[in-house]
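Fold and contact review
Each chain is listed here by its residues.
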Amino acid sequence: MLKYLARRLGFVLITLLVSSMIIFFSTQVLPGDVAQMILGRFARPEAVEALRVKLGLNEPIYVQYLTWLKNFVQGDWGLSLSTNNYPVAPMVWERLKNSFILAMAAFVIYVPGGILLGLWAALRRNKAADHIISVSSLSLIGLPEFVTGVILIAIFSLKLGWLPPSSSISPTATLPEILPKLVLPAITAALVSLAYITRMTRASTVEALYSDYVRTAYLKGLSPRQVLFRHVLRNALMPTVTVAAISIGWLMGGLVVTEALFSYPGLGRLLLFAIQRRDLPLIQATTLLMAAIFCLSNMLADIIYAWLNPKIRFQ
Amino acid sequence: MTRPKILEVENLSISYQTESGLVKAVRRVSLDIRRQESFGLVGESGSGKSTLALGSIRYLAANGRISDGRINFMGEDITDYGLAKMSKLWGRHIGMVYQNPSLALNPSIRIGWQIAETAQIHRGLDKKAAWNEAIMTMAKVSMPEPEYVASLYPHQLSGGMLQRCVITMALLNNPSLLVMDEPTTALDVTTQAVVLDLVSKLKQEYDSAIFYITHDLAVVAQICDTIGVMYAGELLESGPTKTIFRDPRHPYTLSLIGSIPKFEEDHRKRSLSGIKGMIPSLRELPNGCVFSPRCFMADEECRRTAPTLEEIAPDRRSACPRWREMEERRKEMEKTKSYPAPMEQTAALAVDSLAKHYAPISGALRRGAGKALIKALNSVSVSVPKGCTLGIVGESGCGKTTLLRSITGLIEPTEGEVRLDDEPLAPKVTKRPRSILKKIQMVFQNPDASLNPNQTIAKCLERPLKIFTDLGKADRKKKILEILDSVNLPSTYYSRLPGELSGGEMQRVGIARAFAAEPDVILLDEPLSALDVSVQAALVNLLFELQVANNPSYLFISHDLAAVHHISDLIAVMYLGRVVEFGLAEAIFKPPFHPYTEALLSAIPNPDPDAVQTGIRLEGTVPSPSTIIKGCAFRSRCPRVYGPQCADEPPPMRMSAEDDRIFCHIPLEDLARVQTSPFHNASAR
């Protein structure tokens, strides 16, 4: 098991190294000169050149990459170009904290919700409840966040007036102040994953219910409740738990849209802002951080699956 | 003498509500099973035997229901019992053993807990006590190292061991009735023998009644006191095993017994009785007697009036009103046709020191070096003369399929060569000219998977004619009709699709396709094992007929020793990628034996209930093909290990007086002194 962990971690590091290269080099090919951008369109050529030297922009590209990587690993993520040389790291960490709160709020909605809906559908297979759940989850998977988000705003903020349509929060806000503002963006971010987990749970539960070992369990004399809790759930939820862990990674992608829609000060909105301003250090830091979260959630999924599944645990 | 009845089924009918209407899967079946008695329910696939067995313990699919009749269990009428009431009986008084133990156990719970659970829920034992009880019972079913096995997960054990665990689970609460649904069908023959021994032993130690369901008559003969023969949802005959086998009183039973190849030297290469046609669909049952469309003695009356199961003697019942004629019919049926092969000396196909080694699988970050090669085949040398049949027999994983594929050139052998008419063949199929490809044809195991479902039978048979002959379109059509006729298929099948055919008919098409190119050698890869006994028999006859007519050589691969013995002139016994014994069929099955051949023979259940079996049983499992073996491959399981040379040196070839090649360290004289001949019952006649 330890060896397995070490190997997974090795894979994550390699993946991150490759992503850092892709991120770095693709930001290099973006049009525009960094020094020119900092100094503005009307700067004197000498000043631009001096800044280029200072920033190391005249070095060969791999040297630039290695220097950047070295600084990044040491925690020096550079200065933001668009916000008066404010250091990138604290800005990103602050936003990451906000995104994390939103992600967790979504997570506690869709994981238990999806499992319960999926189980309900599986146990009522081919009955009305199953059909309703299956059809609506399928339609939800097809709807992007900016559509569901707008519909939610239209109903709960504009029509009913229960919840605020904008979720901009100040850094000093307390939790009771934040909570109502979290509800709508969290639901918006959760819906797609909720539908996905519901379908996954339903499929694997149905499979388990029709398996030979469930027949064995009944013929041992177990009651339907005992069969469900002792034999069905353990096997049926194995794939679901894995999907839940991977979904943390998807959530990051969904957050970019959701945060922009609700003006929520998270990592996704920061990334959007950075791209609009061509703020290279900020883009690099946020994308690499997102890649890291994605990789780690995948690793977490693998580890949970291995831990739950004895076939892998005892290899 | 009369023991109490444990299970009484009276006039039971079970039907399923399906989308295409009501299916009457079981109709008017009555049977009794008494304490300490084992009742065998025999039937081919689709006969409704599992539905009957599970239905009689009130376990039915959601769309199934008991439409008529009564079930008594230990004096209680359980016909109308629901889930809650049955849960108190299941696992407590009724134990169940399943066909596929690796699916019947929960993959994510330790085996010990799965077994212990039965004692926990029914007897209120706490976890610790139930676990101890599980381990004690595991020891009772001769489980080696029960504590260790209990701590494992199902995927860590072999099929035979898992089946012992399932049996333990069924026996834990000392049930009154043990229902066993094809418990050995998924196992290899040597493992099956061990499990059957265990069942026989348990029969004496526990006083449970056993309800044993199987398609295998030979297994029933060995295990059961009483048998019932089921066909298309009805019981056609029942009675004590011995009398049923010796004196069947229903044409279906008679034909079924006549369809099994007998393990007797003078029965070899003879036609089998077989049964024409196929089991009817439960949706379209024939009028009158259900068996009448396939019966060799049916008349108008049989097709009009449905007979009932009548008592014809004490404890004997038959559903054939003409049961008195059966004795005469049996004698008639015993007159069979013989197909001796012309034993020529020139080899049509020869395989010389063929080996196939695979490199171990290595991932991107895993180093493959240092791991042993997977040796699927090791210097295999066999040959088959023109017009003769070479049978290759061995348990799963012995390399018989790899050998076949190396001969076809589908996989390239690592060493050695294949010669056809003494000409070496290119190792790769793509390098062989068409004239050679034409000479070697193949028949596959699963006819439904090897025929293109979207191609008519004519298209399928036309292909080899197009590729290998220069016949014109009209001639091809004529030839196809001829071929269809030669495999006894009506010409109306010309434009049918494979999906409209039964398994046996599809395999006839598979055989016809192989014969279309008029090859010299036909490779048959388990051609019978997917089919029912009655259908197998007709195909065996067909293979005999075609060989006499066209004189091809057969390479017949099977795990079924009786079938191989029946149709082969020469036999090679394989173990772990090696040939351990090779010679004439009559010599292989006579001493001196290779110890593995001896164990195989001793493991086969004999369809003769009077036969006394020799008790050679193999312990452990076949080693992995990547194990590095210096000496004899069979050493780790050999019951007759001779000395240190078995581990250190490869076994020498010993040639018996009858040209039987045995690869063993034990000298011939010692090998000849076997425990007992597996044929003693045959020679006693």
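Residues numbered from 1 in each chain as written. Chains lettered and ligands numbered in written order. Predicted model: local features only at pLDDT ≥ 70, side-chain atom pairs only at ≥ 80, totals over all residues.

**A few points about the sheet that holds strand E16 (residues 415–420) of chain B**
Residue and element names in this part refer to chain B. As a reminder, the rule being used: Pairing between strands requires that DSSP locate at least two bridges from one strand to the other. Working definition: helices are DSSP H or I runs of at least four residues, strands are E runs of at least two. Numbering for both runs from the N terminus.
Pairing is antiparallel in the open sheet, where four strands are placed in the order E14-E13-E16-E17. At either end of the open sheet lies a strand with only one pairing partner, and these are strand E14 (374–385) and strand E17 (423–424). Taken together, the eight bridges between strand E13 (residues 347–358) and E14 define a ladder with antiparallel strand orientation. Its bridge partner being in E14, histidine 357 is matched across the sheet by lysine 375.

**Observations concerning the interface of chain B and chain A**
Rules: Two residues form a contact once the distance between their C-beta atoms, set from the backbone, is within 7 Å. Only Asp, Glu, Lys and Arg are considered charged, only Ala, Val, Leu, Ile, Met, Phe, Trp, Tyr, Cys and Pro nonpolar, and every remaining residue, Gly among them, polar.
Listed as interface residues are 23 residues of chain B and, on the opposing side, 17 residues of chain A. Counting residues per element, the ones that place at least two in the side of chain B that touches chain A are helix H2 (83–89), helix H3 (101–104) and helix H4 (111–123) of chain B. No other element matches the four residues that H4(B) contributes to the side of chain B that touches chain A. Split by residue class, the side of chain B that touches chain A holds 11 nonpolar, nine polar and three charged.

**Side note on helix H8 (residues 189–205) of chain B**
Residue pairs three or four apart in sequence face the same way in an α-helix, which turns once every 3.6 residues. All names here are of chain B. How we decide: Between the first and last residue of a helix there are one fewer steps than residues, each counted as 1.5 Å, and that sum is the expected span. In this scheme every C-beta is placed from the backbone, and a residue whose C-beta has 20 or more other C-beta atoms within 10 Å is buried, one with 12 or fewer is exposed, and one in between is partly exposed.
Over its 17 residues, H8 runs 24 Å from end to end, which matches the ideal 24 Å to within 8%, given 1.5 Å per residue. Within the sequence span of H8, burial applies to Val189, Thr190, Thr191, Gln192, Ala193, Val194, Val195 and Val199. On its buried face, H8 sits against helix H7 (159–171), helix H9 (217–223), helix H21 (561–567) and helix H23 (595–603).

**Quick notes on the domain arrangement of chain B**
To be explicit about the condition: Segment limits for the domains were obtained from an automatic or database-derived domain assignment.
The domain architecture assigned to chain B consists of domain 1 (101–172), domain 2 (248–333), domain 3 (347–571) and domain 4 (591–683). For domain 1 of chain B and domain 3 of chain B, the distance between their C-alpha centroids amounts to 43 Å.

**Considering the sheet that holds strand E1 (residues 5–18) of chain B**
Residue and element names in this part refer to chain B. Taken in spatial order, the four strands line up as E2-E1-E4-E5 in an open sheet, and their pairing is antiparallel. Where the open sheet ends on each side, the last strands, each with one partner, are strand E2 (21–34) and strand E5 (76–77). Where E1 and E2 come together, 10 bridges link them in antiparallel fashion. Residue isoleucine 14 lies in a different strand from E2, and its bridge partner there is valine 26.

**A closer look at unusual backbone geometry**
For residues other than glycine, phi is negative in most cases, and the peptide bonds are mostly trans. Residues and elements named next belong to chain B. At the junction of proline 591 and proline 592, the peptide bond is cis and its omega measures out at 0° in the coordinates. Among the secondary structure elements, proline 592 is positioned in the loop between helix H22 (585–588) and H23. Even without being glycine, alanine 232 reaches a positive phi, approximately 50°. Relative to the elements of secondary structure, alanine 232 occurs in the loop between strand E9 (226–231) and strand E10 (234–240). By the C-beta count within 10 Å, which is 24 here, alanine 232 ends up buried. Phi angles above zero are rare outside glycine, and serine 379 is one such case at about 25°.

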